[in-house]
Amino acid sequence: MAYLTVENLNKSIDNIHLLKDISFSAEKATIILIAGKNGSGKSLLLKCLKGLEKIDSGKIIVDGKELKKEKERMKFFGLVFQETSLQIVGQTCEKDIAFGLENQNKPEKEIKEKKEEMLSLFSLQKDRNKNPRILSGGEKRRLAIAGVIAMESKIILLDEPLANLDYPSVLIVLQTILKLKQEGYTILVVSHEAEKFLALTDYTIIINNGEIISKGSSREMVESLRDNMIYLPPLSFEDFSWLK
């Protein structure tokens, strides 16, 4: 059985059917790219998985357990929004990582241990006492991901993680995503910048008008992406090997 299984997920808002029988699965420690045109339902799908939106019907199963309630999904899925400044609330990096744990009333010793673990994992030790607002875009995204993982989310949902980033920040985020995979996390990435992600991902899903119109191994999805007007440069997978 796959680690994550989504079966026939449907979602309507104001009687408009926005997500239509969405079904896919993902193994543990894989990266899945979700691509599609603006307004196709990609970000709404992430919110449904996270539990920020109720679903009309369907199943969301993680590690063999169906997550029927939004509260259950909140625990298993960690969502990093496109606008990370909305998620960063601490006056320093280490306080920001600790914020969610404190709200969960975790013991002080556990908070300290988890905070040090996240600072190390995301190479933020030197920035622990910095105000997060002076960090680069890539560093802010890395901090937002650290805060999500500190709360023991098993599956990481990234909504347009490269939006408005300069080249050095893009590298920081891509390398962070690869590191998460190596640590055993399952990652779902929504992005209209498929050309930056395709070679790093294991599986690609294309959504159009709320429906999955194509899915498969990322190596097999190049032509499908181009057929659906999703930009890809004339590069091979090996051109991205410098990231690893």
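Our subject is the structure that appears above.
What comes next concerns the included structure. (Residues numbered from 1 in each chain as written. Predicted model: local features only at pLDDT ≥ 70, side-chain atom pairs only at ≥ 80, totals over all residues. Heavy atoms only, no water.)

## What to know about the nonpolar core
Let me state the cut-off plainly: To form a nonpolar core, buried Ala, Val, Leu, Ile, Met, Phe, Trp, Tyr and Cys residues must be joined to one another through side-chain atoms within 4.5 Å. Note on exposure labels: buried denotes an accessible area under 20% of the residue type's maximum, exposed denotes more than 50%, and partly exposed covers the range between, all computed with a 1.4 Å probe on protein chains only. By definition, residues are in contact when any of their heavy atoms lie within 4.5 Å.
If you look at the biggest cluster of nonpolar residues, it comprises 46 residues, and the most contacted ones within it are Met118, Phe122, Ile149, Leu158 and Ile187. Those residues in contact with isoleucine 187 that lie beyond four places of it in its chain are Thr30, Ile31, Ile32, Ile156, Leu158, Ile177, Leu180 and Lys181. One finds Ile22, Ala26, Ile34 and Val62 within the second-largest nonpolar core, a separate group that totals 27 residues.

## Some remarks on unusual backbone geometry
Among all residues except glycine, the phi angle is most often negative; among peptide bonds, the trans geometry is most common. The cut-off we apply is this: Secondary structure is summarised from DSSP: a helix means a run of H or I of at least four residues, a strand means a run of E of at least two, and numbering begins at the N terminus for each.
Even without a glycine there, the phi angle at aspartate 14 is positive, about 55°. Position of aspartate 14 among the secondary structure elements: in the loop between β1 (4-13) and β2 (16-26). We classify aspartate 14 as exposed; its relative accessible area is 69%. A positive phi is found at asparagine 105, a non-glycine position, where the angle reads about 60°. Looking at the element boundaries, asparagine 105 is found in the loop between α3 (93-103) and α4 (108-121).

## With respect to the environment of arginine 128
Applicable threshold: What qualifies as a polar contact is a pair of N or O atoms within 3.5 Å, subject to a donor-acceptor requirement within protein and to the restriction that residues adjacent in sequence count only when both atoms come from side chains.
With respect to the helices and strands, the residue arginine 128 is situated in the loop between α4 and α5 (137-150). When the C-alpha atoms of arginine 128 and lysine 112 are compared, they prove to be 13 Å apart, with 16 residues separating the residues in sequence. When neighbours within four sequence positions are excluded, arginine 128 is seen to be in contact with Thr92, Cys93, Glu94, Glu116 and Leu119. Within the local environment of arginine 128, its side chain forms a polar contact with the side chain of glutamate 94, the two groups lying 2.8 Å apart.

## Topic: α4
Rules: Here a helix's expected span is defined as the number of its residues, less one, multiplied by 1.5 Å. Note that the arc is defined by the directions from the helix axis to the C-beta atoms.
In this model α4 runs 20 Å from its N-terminal to its C-terminal C-alpha over 14 residues, within 8% of the 20 Å that 1.5 Å per residue would give. Where α4 is concerned, the buried positions are Ile111, Lys114, Lys115, Met118, Leu119 and Leu121. When α4 is viewed along its axis, its buried side chains cluster within an angular range of 165° and face the same direction. Facing away from the buried side of α4 by over 90 degrees, the exposed positions are Lys109 and Lys112. At its buried positions, α4 is contacted by α3, α5 and α6 (167-182). In the segment just after α4, serine 123 is the residue with positive phi, at about 55°.

## Considerations on the sheet that holds strand β3 (residues 31-35)
Quick note on the threshold: Pairs of strands are assigned from DSSP output, requiring at least two bridges between the strands. Between N-to-C directions, angles span 0 to 180 degrees; the directions come from axes that are lines fitted to C-alpha atoms, helices contributing only their stretch in contact.
In space, the 6 strands of this open sheet follow the order β6-β7-β8-β3-β9-β10, with mixed pairing throughout. Across the chains shown, the open sheet's two edge strands, defined by having one partner strand only, are β6 (77-80) and β10 (211-217). Along the sheet, successive strands turn relative to each other by an average axial angle of 20°, direction set aside. Summarising the sheet, β3 and strand β8 (residues 186-190) pair through 4 bridges and their orientation is parallel. Bridge assignment links leucine 33 to a residue of β8, and that residue is valine 189. The sheet contacts of α5 involve β6 and β7 (155-159), and relative to β6 the element is tilted by about 165°.

Note that every value here comes from positions in space, so none of it alone points to a role or purpose.
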